[in-house]
There are 2 protein chains.
Amino acid sequence: MGASGFQVAPWELRWCGLDLDALARNESIFALSNGHLGLRGTLEEGEPVGLSGTYLNGFYETRALPYAEVGFGYPEQGQTVVNVTDGKIIRLLAEDEPMDLRYGHTEAHERVLDFRSGTLRRDTIWTSPTGRRVRIRSERLVSFTERAVAAIRYVVEPLDDDLELVVQSDLLANEPSSAKPGDPRRAAALDQPLIAEHHVAADLGAVLVHHTRRSGLRMAAGMNHELEVRDPPRCSVHAEDDLARVAIAADVGLGDRLCVTKFLAYGWSGRRSAPALRAQVEAALAAGMEIGWAGLLARQREYLDDFWAQADIELDGDPELQQAVRFAMFHVLQAGARGEARAIPAKGLTGPGYDGHAFWDTETYVLPVLTYTMPVAAGDALRWRHSTLDRARRRAAELGQSGAMFPWRSINGDEASGYWPTATAAVHVNADIADATARYLTATRDEEFETDCGVELLVETARLWASLGHHESDGFRIDGVTGPDEYSALADNNLYTNLLARRNLREAAAACRRRPDVARRLRVDSEELSRWHDAADAMVIPYNAELGVHEQSEGFTRYARWDFDATPPEDYPLLLHYPYFDLYRLQVVKQADLVLAMYLCPNAFDPEQRSRDFAYYEALTVRDSSLSAGVQAILAAEIGDLCLAFDYFAEAALTDLRDLHHDVDAGLHLAALASTWLGCVAGFGGFRAHDDHPAFSPRLPDALTGLSFRILWRTSRIAVDVTPATTTYRLLAGDPLPIAHHGEHHKLTDTPLTLDNPPPPSPPSITQPPGRAPGPRG
Amino acid sequence: MGASGFQVAPWELRWCGLDLDALARNESIFALSNGHLGLRGTLEEGEPVGLSGTYLNGFYETRALPYAEVGFGYPEQGQTVVNVTDGKIIRLLAEDEPMDLRYGHTEAHERVLDFRSGTLRRDTIWTSPTGRRVRIRSERLVSFTERAVAAIRYVVEPLDDDLELVVQSDLLANEPSSAKPGDPRRAAALDQPLIAEHHVAADLGAVLVHHTRRSGLRMAAGMNHELEVRDPPRCSVHAEDDLARVAIAADVGLGDRLCVTKFLAYGWSGRRSAPALRAQVEAALAAGMEIGWAGLLARQREYLDDFWAQADIELDGDPELQQAVRFAMFHVLQAGARGEARAIPAKGLTGPGYDGHAFWDTETYVLPVLTYTMPVAAGDALRWRHSTLDRARRRAAELGQSGAMFPWRSINGDEASGYWPTATAAVHVNADIADATARYLTATRDEEFETDCGVELLVETARLWASLGHHESDGFRIDGVTGPDEYSALADNNLYTNLLARRNLREAAAACRRRPDVARRLRVDSEELSRWHDAADAMVIPYNAELGVHEQSEGFTRYARWDFDATPPEDYPLLLHYPYFDLYRLQVVKQADLVLAMYLCPNAFDPEQRSRDFAYYEALTVRDSSLSAGVQAILAAEIGDLCLAFDYFAEAALTDLRDLHHDVDAGLHLAALASTWLGCVAGFGGFRAHDDHPAFSPRLPDALTGLSFRILWRTSRIAVDVTPATTTYRLLAGDPLPIAHHGEHHKLTDTPLTLDNPPPPSPPSITQPPGRAPGPRG
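Bear in mind that the values here come from a model prediction, so they are computed numbers and not experimental data.

Definitions and limits used
- Residues numbered from 1 in each chain as written.
- Chains lettered and ligands numbered in written order.
- Predicted model: local features only at pLDDT ≥ 70, side-chain atom pairs only at ≥ 80, totals over all residues.
- Helix = DSSP H or I, 4+ residues; strand = E, 2+ residues; numbered from the N terminus.
- Rg over C-alpha atoms; globule rule 2.2 N^0.38 Å.
- Buried ≥ 20, exposed ≤ 12 C-beta atoms within 10 Å, placed from the backbone.
- Expected span 1.5 Å × (residues − 1).
- Bend = angle between axes of the 7 residues up to and from the residue.
- Contact = placed C-beta atoms within 7 Å.
- Nonpolar A, V, L, I, M, F, W, Y, C, P; charged D, E, K, R; others polar.
- Axes fitted to C-alpha atoms, helices over the stretch in contact; angles between N-to-C directions.
- Parallel < 35°, antiparallel > 145°, perpendicular 65-115°, else oblique.
- Left-handed = near helix turned anticlockwise from the far one by under 90°.
- Domains from an automatic or database assignment.
- UniProt positions renumbered as here; feature names shortened; annotations may be inferred.
- Least-squares fit on C-alpha atoms with pLDDT ≥ 70 in both.
- Pairing = 2+ DSSP bridges.
- pLDDT = per-residue confidence, 0-100.

Engineer: Any chance you could explain the overall build of chain A here in plain terms?
Structural biologist: A count of helical and extended segments in chain A gives 17 helices and 34 strands. Against the compact-globule benchmark of 28 Å for 778 residues, chain A has a radius of gyration of 27 Å, which places it among compact chains. Each principal axis of the C-alpha distribution contributes one length, and for chain A these read about 85 × 60 × 55 Å. Scored against the burial criterion, the 778 residues of chain A give a buried share of 59%.

Engineer: Is there a simple way to think about helix H2 (residues 274-311) of chain B in this case?
Structural biologist: Because an α-helix packs 3.6 residues into every turn, residues spaced three or four apart end up facing the same way. Taking 1.5 Å of rise per residue, the 38 residues of H2(B) would be expected to cover 56 Å, yet its terminal C-alpha atoms sit only 40 Å apart, more than 12% below that figure. Of all the bends found along H2(B), the most pronounced is centred on Gly292(B) and spans about 90°.

Engineer: Please clarify how the interface of chain B and chain A should be interpreted in this entry.
Structural biologist: Where the parts come together, the accessible area they lose is often given as the size of the interface. Facing 45 residues of chain B, the contacting portion of chain A comprises 45 residues. Every element with two or more residues in the side of chain B that touches chain A is listed here: strand S21 (470-472) and helix H12 (580-585) of chain B. Sort the elements by how many residues they give to the side of chain B that touches chain A and H12(B) lands first, with five residues. Residue composition of the side of chain B that touches chain A, grouped by class: 23 nonpolar, 11 polar and 11 charged.

Engineer: I tried to follow the packing of helix H5 (residues 375-387) of chain A against helix H8 (residues 447-468) of chain A on my own but got confused; where do I start?
Structural biologist: Axis angle and axis distance: for two packed helices, these are the angle between their axes and the distance between the axes, and together they describe the pair. Residues and elements named next belong to chain A. Remark: H5 packs on H8, axes separated minimally by 10 Å, with the N-to-C direction vectors making an angle of 60°. Judged by the angle between their axes, H5 and H8 are oblique. H8 is crossed by H5, and the crossing has left-handed handedness. Of the residues in H8, those in contact with Gly-379, Leu-382, Arg-383, Arg-385 and His-386 of H5 are Phe-449, Cys-453, Glu-456 and Leu-457.

Engineer: Can you walk me through the domain arrangement of chain A in this structure?
Structural biologist: Residue and element names in this part refer to chain A. For chain A, the domain assignment lists domain 1 (12-299) and domain 2 (312-709). Listed by partner, the interface residues are 38 residues for domain 1 and 41 residues for domain 2. Of all the elements in the fold, those that place two or more residues in the side of domain 1 that touches domain 2 are helix H1 (23-29), strand S2 (32-33) and strand S6 (77-81).

Engineer: Explain the UniProt feature "domain: Glycoside hydrolase family 65 C-terminal" (unreviewed entry) in chain A to me, please; I cannot follow it from the model alone.
Structural biologist: The sites that carry the UniProt feature "domain: Glycoside hydrolase family 65 C-terminal" (unreviewed entry) are, in the present numbering, residues 687-748 of chain A. End C-alpha to end C-alpha, residues 687-748 of chain A measures 15 Å, and it is 0% helix and 61% strand.

Engineer: What am I meant to see in the packing of helix H4 (residues 361-373) of chain B against helix H5 (residues 375-387) of chain B here?
Structural biologist: Residue and element names in this part refer to chain B. In the contact formed by H4 and H5, the axes pass within 7 Å of each other and the chain directions differ by 150°. On the basis of their axis angle, the class for H4 and H5 is roughly antiparallel. Between H4, through Thr-362, Leu-367, Leu-370 and Thr-371, and H5, the contact on the second element is made entirely by Pro-375, Ala-377, Ala-378 and Ala-381. Considering only residue class, the contact of H4 with H5 consists of six nonpolar, two polar and no charged.

Engineer: What am I meant to see in the relation of the copies chain B and chain A here?
Structural biologist: Think of it as a corkscrew move, a rotation about one axis and a shift along it, taking one chain copy to the other. Turning chain B through 180° and shifting it by 0.0 Å along the axis lays it on chain A, with an RMSD of 0.0 Å. Both copies are brought into coincidence by an operation consistent with a two-fold rotation axis. When the interface residues of chain B are mapped onto chain A, 100% of them are again interface residues, pointing to one common binding face.

Engineer: What exactly am I supposed to notice about the sheet that holds strand S13 (residues 163-172) of chain A here?
Structural biologist: Hydrogen bonds along the backbone pair up the strands of a sheet, which may run parallel or antiparallel. Residue and element names in this part refer to chain A. Spatially, S8-S7-S13-S18-S17 is the arrangement adopted by the five strands of the open sheet, whose pairing is antiparallel. A strand with exactly one partner marks an edge of an open sheet, and here the two such strands are strand S8 (97-98) and strand S17 (234-240). Examined bridge by bridge, S13 and strand S18 (residues 243-252) share 10 bridges and lie antiparallel to one another. Note that in S18 the partner of Leu-163 across the bridge is Val-252.

Engineer: What is the right way to look at unusual backbone geometry in this model?
Structural biologist: Excluding glycine, residues mostly have negative phi values, and the peptide bonds linking residues are mostly trans. For the bond from Glu47(A) to Pro48(A), the omega torsion is -5°, close enough to zero to count as cis. Structurally, Pro48(A) is set in the loop between strand S3 (37-39) and strand S4 (54-56). A positive phi is found at Asn174(A), a non-glycine position, where the angle reads about 60°. With respect to the helices and strands, the residue Asn174(A) is situated in the loop between S13 and strand S14 (194-202). For Asn174(A), a count of 21 C-beta atoms within 10 Å translates into the label buried. We note that Asp96(B) has phi near 75°; this positive angle belongs to a residue other than glycine.

Engineer: Can you help me understand the sheet that holds S2(A) in this one?
Structural biologist: Residues and elements named next belong to chain A. Within the open sheet, the three strands sit side by side as S2-S3-S4. Their pairing is antiparallel. With partners counted over all chains shown, the strands left at the sheet margins are S2 and S4, one partner each. Two strands pair when backbone bridges link them, and S3 and S4 are joined in this way by three bridges, in the antiparallel orientation. Along S4, the bridge assignment pairs Leu-37 with Leu-56.

Engineer: Would you mind showing me how to read helix H4 (residues 361-373) of chain A here?
Structural biologist: The terminal C-alpha atoms of H4(A), which comprises 13 residues, lie 18 Å apart, in line with the 18 Å expected from a rise of 1.5 Å per residue. A maximum bend of about 45° is found in H4(A) at Leu367(A), where proline Pro368(A) lies one to four positions downstream.

Engineer: What is the right way to read the pairing of strand S15 (residues 205-212) of chain A from this model?
Structural biologist: Residues and elements named next belong to chain A. Counted residue by residue, S15 has eight buried out of eight residues, so it is predominantly covered. Neither face of S15 is open: one carries Gly-205, Val-207, Val-209 and His-211, the other Ala-206, Leu-208, His-210 and Thr-212, and all of them are buried. By the bridge criterion, eight bridges tie S14 to S15 in an arrangement that is antiparallel. When the bridges of S15 are listed, Val-200 appears paired with Val-207.

Engineer: Help me understand the confidence of the model for chain A, please; the structure alone is not making it clear to me.
Structural biologist: When pLDDT drops low, the exact placement of atoms in the prediction is not to be read closely. Looking at chain A, the pLDDT average stands at 96 and 98% of residues meet or exceed 70. The ipTM value of the predicted complex is 0.93, and its pTM value is 0.95.

Engineer: Please explain the pairing of strand S31 (residues 726-733) of chain B as it appears in this structure.
Structural biologist: On any regular strand, side chains alternate: one points to one face of the sheet, the next to the other face. All names here are of chain B. Bridging between strand S30 (residues 716-722) and S31 involves six bridges; their strand directions are antiparallel. Note on S31: the bridge partner recorded for Ala-719 is Arg-730. Connecting S30 to the antiparallel partner S31 that follows it, the hairpin turn spans three residues. The pairing of S31 with strand S34 (residues 753-756) spans four bridges and is classified as antiparallel. Considered in S34, the bridge of Thr-727 is made with Leu-755.

In structure tokens form, the structure reads like this:
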């Protein structure tokens, strides 16, 4: 068993026994989703429960954002993800005793998330308080192929005697919430968010239709059942406003079993009527039942086989991390697979954390993974951004800027942050979107996307920079903004922002030159192009010549250092124990900022400079954000400290499995999960995308004996197999292509290419703030 | 009549006619207060009313401060001034018709605020809808000598016929509020803040006792009456939870009159019981009635005669401004006279604006006036600050700092701001308190205050600076703070803050050397003293050598300039039309910041530099704050642009009378009123306080033919009479003393000293943002 409590295995995640304290955390970890519909991994019997949750991507309620003192341009309304009608519930009564693991005796209880079948299985042997012994097995899936459909196969066997079993299979709306108050990273609790509109029940099926009170969205949930049991059961069905229930009573003999297959379908819309939504879910249910449980299972496996063939990472030498990497990729897939022009929230659909909002993390952490493993999902996520462009243009106009200003956090594209210094002012989100767009275009050459969305995303964000910045004697300045490090705010010339804005301006200009037709449609003229070039060329890059390091922002290196020695371990994360006032004005870094810029804009730093900068910021970085470790791993690998890189990589990979930030109960950290892939591919694989070829600089830490990963590059599929001494590149499909290996150019054809890995550069001496070094793994 | 609608007269302010639109504004302007008890100038009959208000200094209710996203150290509770039991109401019925100026016919109606009697008089001739014609005269005062007492003399005469008159004289608690929502400068509306605890009525008197729901404060209001009328009236008295009423019915013949004198008394406490408070107001009532109306009037006039003898400013050449100056001084007196170790709120006790909070304005604008005209009131206000030191020390500790951090806005000493970037981060308030303390000590040599409060205030604020700042290669830096200009925030090395902190550190060290006994008590050792000196000596003073100007904060002069040409007049004040995000990152100045530093720390600037700096910041200053014009007047005078100085002075003086900021309805701007005195004395009089002598550099603008003012300096009282060519100094009382006149040193003895005024320096060319120049007056 790993230190996380999960058994170590290459293709599954298994938890044995019931741990009430780990309940909510494990519900997030065992959540199933296809990017459209998400079910938290609650037990079928409904209780004990940590935090029940069923989510439909894009389905939210609005809430007034309160301010002690209002200001112009503050968003008045926020959005909060809604826990919609719960269809996961299958209650069991054995001879009238409700099955509840908190009572009676649990002889065996385990749950398995299977990365290849795409299902969550349970197996429980339980004896009721009066001595009835039963075995309960279930398996559930949220279908990757039928995006509105989920299904649960639920099997009960009496183990000692014949038993009368009653199964109550529910649709339950407006479940009581159990949110913990007080932590800003958590969600606003919504009380009874759904208003009943329609309910219908017949035979073994039912549909409930609800709408939200304020956001005006409507949703329907439907269920139907198939039963397998020897003697004909006695069934009833009932529906009311917030509950539909199919009750199945059966006398089940020893050696026999009751098997209930529950099919679920969900739909939502901001426009369609209740009858239309009912029809939609009934159609989805019928389709799901037509495919049947076995068919759904088979399609799920086939879908995942394809996915793993493209996206799997093999990692020799650390089985727990091998498992963690697949767990990460499985959840990245679950978050992105079928979002289809909806956002990918920071927590995917695994929990209500951050109110279900999507942030810049999606573009900067999740989309790189999807771009090279499942580009259609990356394109869809960017299409969501594009679909919100009008809102972003309105927001820019409201704030007196040109172009588009995308929201810091949002479900529907409107800004939903109530604290502007690290939200509205964190304008880098716009460059992050442009960066993801450019990356996607470079990797895919998706011309349809480029025509419809890509150029426009690049142009409107470039326009923002041209309007936000200005030329001064020291160059083109972007003042008063907030970079990725949330322990700084409203700084001048944040290096990350300036570098990414420069890339944004240049990529927009390049796109306009590439696609003059689209540029004309967007009214980009040559004068505007040259303004972008002038701004990019003159961009201020803050540097402290005395120290020989770049400045995270202008003047940052002259701030007093945080008194790390006086900061006890229990005071982390600092934001819960110190005021922003102090955090902002001192040298202390929450998360990779300049270090992230070094990864995203590698050409702006020469190797020696990179080492000095990395060492300088390592000593200041407390890693209070889950976005940090994976990026630190990449840079540590690049500067040659592979042991440190491995430690960071392990931390990123185990962020959720070990609940390192103590908030997995509210959902997984998609960016941290994605950064696990980045740590392998961009870190140990040294992968960087150049305009016309992928480049690799593979180097393994001592703890690993092998690393294999795959990359999609335009029409080509490449496998990279790294050993301590050599790297082998194979073209799995598609056209031959140029690649670079440690800076040398090669042509990859059908013949595998095996090349030596040069020794790493010698790293500088690196220290972290006391107590903030990653746990040693290597 | 002046452009403000008030008749111009030297010693009074008169408004003729009823203007419903000006009602709330005039209630603020006609408010009476002694610094302890304040009554807005509502009409006796209760309606029409703009915004009723009766305030007890320090009496507040708490309210939860809401945040869309919480942060460590955010205050959870704010305080809001309570409109307490209204005793001003005297309703009249003439033959059963309620007197209401909105009905019937008003033949004459005028109100006069008399600066020498300290009363508000009215005179109304009104005909009821059915033709009953009456004259109503009233006069009211809030006693300067009996601080718990107010009184109203109310006289009604039938003008055409004998009439049955009924007067209902009320105490009314929990009046409906009529606050306008949406403007952050206004108050939080409290609904029914008072909980009834006790009521008693007998004869012609009554007392109501209430407490607040959450803050746990208790208050009592009492009334009693004296009647003068030929035929014995029929009287009744009644009291219930929120109302006490004395009803007086009288048949009044033509030529006769009904005269009601209403005595009011108020008391509040956070500790005393309801019976104790009842007894307290009954005692105050008895004392007030013992003195009687005539006695109260006489004491009021005597008090004011003394005040004007010390504080009057005579100004020849502009009668409207002469009136405005006396109006200003009258209200400064009303705000400060009897606060007695309570805060002086930004609006005094004239309205609910800013929730009744006190800000740094008190120390930096109001206390200089009181220090030189009524030092006991200045000392009292600083004693209030001192009484909150424990809270300020706790706040500093909470935020990880040493010493004390005083609140940005408060009634009880706890921080009540819900927006930290321009509140908690505006740490200059601490230096402002130190500055006021040092000024008071220099001017008064008040040793008792120094022992009990002064040294400690200086030491605890100095400790804050030592902990907030740090030594770096460029000097002692104070990063990430907000200066007076609220269109910038979280800047590094705000010049105002650094200069005032330097003064704070040096004054604290000087006080400790002067008073080693107190220093020992406060555990100041020589090492700490030398740290303060080192910090002060190394203080960073941001300067742009290329432009030859000081920087408001580090880097400020490299920000893009606000696009003033694209800003239409209706977009001012900018904070209501543009986001802080943009305001903070551009060169645009809300209010004197660096310019205020030039006034408060004159030695940090040589004359040529001062001119360059003033010209630079003038072009950026939009004057969206009422704190600005008076200070700009001082600096304009100093650099020799007396015409501009006069325009600014006039704007400051007329801020409230002309309602230049469109919010006088919620209360007067005490700082702007105080800056009127500063404009005369520090501006045209060129007064600066040096350690051992007062210095003057008088110079009149062309529009003025004479200016006389007086200054208290330790034991001496000095009169300064300025004409265009000369200045005459007279010692009115006390010891001879050294003074400076335009830099030349003289000794002022009993012999008046008449000296020539040298010609002013020639000012640079000065422009303001388009449309933001002060209206021409000179």
